[in-house]
Amino acid sequence: MLLLKSIRVHYNKREAVKGISLEVGEGDFVVVIGPNGAGKTSVLNVISGVINPSEGEVWFRSERIDRLAPEKIAARGIIHVPEGRRIFPKLTVMENLQMGAYLQKDKTKVERELERIFHLFPILKERTRQRGESLSGGEQQMLAIGRGLMAGPALLLIDEPSLGLSPLVTQHVAEQMTVINREGIAILLVEQNARMGLKLANRGYVLTNGDLVLEGTTAELVKNEEIRKAYLGL
Amino acid sequence: MPPVAVWMDGLLLSSIYILIASGLVLVFSIMGIVNFAHGQLYMLGAFLIYYMFARAGINYFVSLIITAVAIGLLGIAIERGLLRPLAPNGLLPPVVVTLGLIFLFEGIATLFFGPAKKAVPSAVPGVSSIGALTVSNEKLVVVAIAVAVMIGLYFLVSHTRMGLAMRASAQDPYTASLYGVRRGRTLSQTMFIGCALAGIAASLMAPLYFVDPWIGLTPLIMALLAIVIGGLGSVLGAVVGGALLGFSGTFLIYYLGPWSELTAFLIVIAVLLLRPEGIFGRPRA
Ligand SMILES: Nc1ncnc2c1ncn2[C@@H]1O[C@H](COP(=O)(O)OP(=O)(O)OP(=O)(O)O)[C@@H](O)[C@H]1O
Ligand SMILES: [Mg+2]
């Protein structure tokens, strides 16, 4: 479904992503784990088209997309739920959700999606008229994912959803991601919380310093000595 | 209490300040740029109305719409041609560019239209009586159109997909782009609407005052004052600030004559001393 081939990203002269290749299959749940500054967000920004790679190719459903504008990529069903949630602070919860459906012309689809999101995150339904900035961190993360779902994505790119959330709320968000994936939406998750990421996904990559150092099924990865030491604290 | 006619004039002046200030504040709130040439766009709009309506005899309302669209398009040209290419270079370039445009537009107007004051005839002659009060139809039409335009602006910004995209993009352009908002198009739409408002204000005002190349300065200053009083960055603030200035201005002229402008300025200073963030602004954290 999604294929990255030898992607490199430079900021000014500095190389932040050093030629990585990565794959997400239809309906797959893939995690990329790695420490701060590893280049995880940069990779997602390349996929969603907000930055251009200095080298390499991105393919989505047998179409090359790495020079397309972000709105063209979003229209193809790749939706990026950004790091730090980035809820529109002065828009209401409902308006934030409507922004997710900005490219969705089909009104009945939007209605159906909205119902699904309220079913998934009932708390949002009670907050529709509140401003985004007034939500708690956990609610904002749910809204961020809900906003992504409003676009009717085939592939969700989710960047560090557990950031700053309590274990309990993280657990809840994690469960909902599993539900979303079971409904057929592929997920590429980026996480520093390796424990959670490896539990949720089928396959994983380890990114350090702009390089993919390990990849495999999550079942393999959790048994890996290095990962156990460096990321799981075992 | 000042006589009713003075209230009517206050309403009239307020309408114009509000139209100009809300165009300016719209552009500021979405794009983060104060367009110092906003008053000169108003001035060019007044000349357009003069040539179309007073000289060519085109229907007033048709002239008004053409003027609004033409000034809106000029706004897009300024945004695409000057502001956008300079955007990566910080806050100062847009200030310098829009200040420079003041001289450019005033120069062009003087060169092509001449420095002489020009009069635009009344668009809607006659008077109406409302109870004991007699008002010129012209003034009623100005106020009615201004109110309708402001309601339309409110609807556009807060209840349409385009308005939602404009607000979202102003708050977080990165995230808005992830959901398909094209920043460039949003900037053009904003500039078009903001400048078209100056064109509408000019069309409404031209038959009541005269037209010359220098009529842009006062409206700009008044609009800036209205925005600052109201609380920078909010259209509602611009409305309240515009009304405050419009009414206090006419009352002061009525009571104080030549001292009125100085006193209006003192009012602004008083408001800012009491509430530095403006009436509707939020205190900075
Ligand atoms: N816009 C930018 N300009 C310059 N350097 C950048 C920019 N964005 C990221 N970088 C640099 O690129 C490297 C990778 O950053 P990136 O944000 O992709 O890492 P990350 O893995 O997402 O980190 P974190 O877990 O902290 O979010 C870092 O060294 C960062 O400083
Ligand atoms: Mg990151």
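Cut-offs and rules
Residues numbered from 1 in each chain as written. Chains lettered and ligands numbered in written order. Predicted model: local features only at pLDDT ≥ 70, side-chain atom pairs only at ≥ 80, totals over all residues. Heavy atoms only, no water. Contact = heavy atoms within 4.5 Å. Buried area = accessible area lost by both parts, 1.4 Å probe. Salt bridge = Lys/Arg side-chain N within 4 Å of Asp/Glu carboxyl O. Polar contact = N/O pair within 3.5 Å; in protein donor to acceptor, adjacent residues only side chain to side chain. Helix = DSSP H or I, 4+ residues; strand = E, 2+ residues; numbered from the N terminus. Nonpolar A, V, L, I, M, F, W, Y, C, P; charged D, E, K, R; others polar. Near = heavy atom within 4 Å. Areas by Shrake-Rupley, 256 points an atom, 1.4 Å probe, with all protein chains shown as cover. Buried < 20%, exposed > 50% of the residue type's maximum accessible area, 1.4 Å probe, protein only. Pairing = 2+ DSSP bridges. Donors = N, O, S within 2.8 Å, 3.2 Å for Na, K, Ca; no water. Core = buried A, V, L, I, M, F, W, Y, C linked by side-chain atoms within 4.5 Å. Axes fitted to C-alpha atoms, helices over the stretch in contact; angles between N-to-C directions. Expected span 1.5 Å × (residues − 1). Arc of directions from axis to C-beta. Parallel < 35°, antiparallel > 145°, perpendicular 65-115°, else oblique.

> Quick question: what am I supposed to make of the interface of chain A and chain B here?
Reports often express the size of an interface as the amount of accessible area lost when the parts come together. Taken together, the 27 residues of chain A in the interface contact 19 residues of chain B. Buried area between chain A and chain B, summed over both chains or domains, comes out near 2,100 Å², and the portion from carbon and sulfur atoms is 59%. Along the contact surface separating chain A from chain B lie three salt bridges. Across the salt bridge formed by Arg 182 of chain B and Glu 71 of chain A, the nearest N and O atoms sit 3.6 Å from each other. Linking chain A to chain B there are seven residue pairs in polar contact (both at pLDDT 80 or more). A total of four residues in the side of chain A that touches chain B trace back to one element, the largest contributor, which is helix H3 (residues 93-100) of chain A. Residue composition of the side of chain A that touches chain B, by class: 13 nonpolar, six polar and eight charged.

> I would appreciate a short explanation of the site of ligand 1 in the present structure.
Residue and element names in this part refer to chain A. Looking at ligand 1, there are 14 residues lining it, with Asn 36, Lys 40, Thr 41, Ser 42 and Glu 83 nearest. In the model, a nitrogen atom of ligand 1 is placed 3.5 Å from a nitrogen or oxygen of the Tyr 11 side chain. Residue Ser 42 places a side-chain N or O atom 2.5 Å away from an oxygen atom belonging to ligand 1. With the chains in place, 63% of the 630 Å² that ligand 1 exposes on its own is no longer accessible. Looking at the shell around ligand 1 element by element, the count peaks at three residues for helix H1 (residues 40-48). Of the residues contributing to the shell around ligand 1, the split by class is four nonpolar, six polar and four charged.

> Mind showing me how you'd approach the pairing of strand S6 (residues 78-81) of chain A here?
Strand residues, when the strand is regular, have side chains that alternate between the two faces of the sheet. Residues and elements named next belong to chain A. Of the two faces of S6, the one carrying Ile 78 and His 80 and the one carrying Ile 79 and Val 81 are both buried. When S6 meets strand S7 (residues 155-159), the two strands line up parallel, connected through four bridges. Directly across from His 80, in S7, lies its bridge partner Leu 157.

> What is the right way to look at the coordination of the magnesium ion (ligand 2) in this model?
Four donors placed tetrahedrally about a metal ideally form angles of 109.5 degrees, and six donors placed octahedrally ideally form angles of 90 or 180 degrees. Residues and elements named next belong to chain A. The protein atoms donating to the magnesium ion (ligand 2) are Thr 41 (OG1) and Glu 83 (OE), with metal-donor distances spanning 1.9 to 2.3 Å. Of this pair, Thr 41 sits in helix H1 while Glu 83 sits in the loop between S6 and H3, placing them 42 residues apart in sequence. Since its relative accessible area comes to 23%, Thr 41 is described here as partly exposed. Note on Glu 83: relative accessible area 32%, which makes it partly exposed.

> Help me out: how do you make sense of unusual backbone geometry in this one?
Most peptide bonds take the trans form, and the phi angle of most residues other than glycine is negative. Residues and elements named next belong to chain A. Even without being a glycine, Ser 6 presents a positive backbone phi close to 45 degrees. Structurally, Ser 6 is set in strand S1 (residues 2-11). For Ser 6, a relative accessible area of 41% puts it in the partly exposed group.

> Explain the nonpolar core here, please?
Nonpolar side chains tend toward joint burial in soluble globular proteins. In this structure, Leu 19, Met 31, Tyr 42, Phe 105, Leu 204 and Leu 245 of chain B are the most contacted members of the largest nonpolar core, which totals 76 residues. Among all residues touching Leu 204 of chain B, those that are not within four sequence positions of it are Ile 16, Leu 19, Tyr 60, Leu 64, Val 142, Ile 145 and Ala 146 of chain B. Val 110, Ile 117, Met 177 and Leu 200 of chain A belong to the second-largest nonpolar core, a separate cluster that totals 45 residues.

> Explanation requested: the sheet that holds strand S4 (residues 55-60) of chain A in the structure shown.
Whenever strands of a sheet pair, they do so through backbone hydrogen bonds, lying parallel or antiparallel. Residue and element names in this part refer to chain A. The sheet built from four strands is open, its strands ordered S2-S1-S4-S5 with antiparallel pairing. On the outer flanks of this sheet lie strand S2 (14-24) and strand S5 (63-64), each paired with one strand and no other. Pairing between S1 and S4: five bridges, direction antiparallel. Counterpart to Leu 3 in the pairing with S4 is Trp 59.

> Any chance you could explain the sheet that holds S6 of chain A here in plain terms?
Residues and elements named next belong to chain A. The six strands lie next to each other as S6-S7-S8-S3-S9-S10, forming an open sheet whose pairing is mixed. The open sheet has two free edges, formed respectively by S6 and strand S10 (211-217), since each of these has just one partner strand. Going from strand to strand, the sheet's axes swing by 15 degrees on average, the running direction of each strand aside. Both S7 and strand S8 (residues 186-191) contribute to a ladder of five bridges, which runs parallel. Across the sheet, Leu 155 pairs through a bridge with Ala 186, a residue of S8. Packed onto the sheet, helix H6 (residues 137-150) meets S6 and S7 and runs at close to 165 degrees relative to S6. The sheet strands contacting helix H7 (residues 167-182) are strand S3 (29-33), S7 and S8, and the helix crosses S8 at an angle near 155 degrees.

> For this particular structure, what's the right way to read the pairing of S2 of chain A?
Residue and element names in this part refer to chain A. Examined bridge by bridge, S1 and S2 share eight bridges and lie antiparallel to one another. Within S2, the residue paired with Val 9 across the bridge is Val 17. Taken together, S1 and the strand that follows it, S2, pair antiparallel across an intervening segment of two residues, in which Asn 12 is found at a positive phi of about 55 degrees.

> I'm lost on helix H4 (residues 107-120) of chain A in this one. Help?
Residue pairs spaced three or four apart in an α-helix point in one direction, given the helix's 3.6 residues per turn. All names here are of chain A. With 14 residues, H4 should cover 20 Å at 1.5 Å per step; its first-to-last C-alpha distance of 20 Å lies within 8% of that length. Residues Val 110, Glu 113, Leu 114, Ile 117, Phe 118 and Leu 120 constitute the buried set of H4. Along the long axis of H4, the arc covered by the buried residues comes to 155 degrees, so they all point the same way. H4 presents Thr 108, Arg 112, Glu 115 and His 119 as exposed residues on the side facing more than 90 degrees away from its buried surface.

> Help me out: how do you make sense of the packing of helix H1 (residues 4-31) of chain B against helix H9 (residues 217-230) of chain B in this one?
What describes two packed helices is the angle between their axes and the distance between those same axes. Residue and element names in this part refer to chain B. In the contact formed by H1 and H9, the axes pass within 8 Å of each other and the chain directions differ by 70 degrees. Between H1 and H9, the interaxial angle falls into the category roughly perpendicular. Taking contact as the criterion, the partners of Tyr 17, Ile 20, Ala 21, Leu 24 and Val 25 in H1 are, on H9, Pro 219, Leu 220, Met 222, Ala 223, Leu 224, Ala 226 and Ile 227. Taken together, the residues of the contact of H1 with H9 break down into twelve nonpolar, no polar and no charged.

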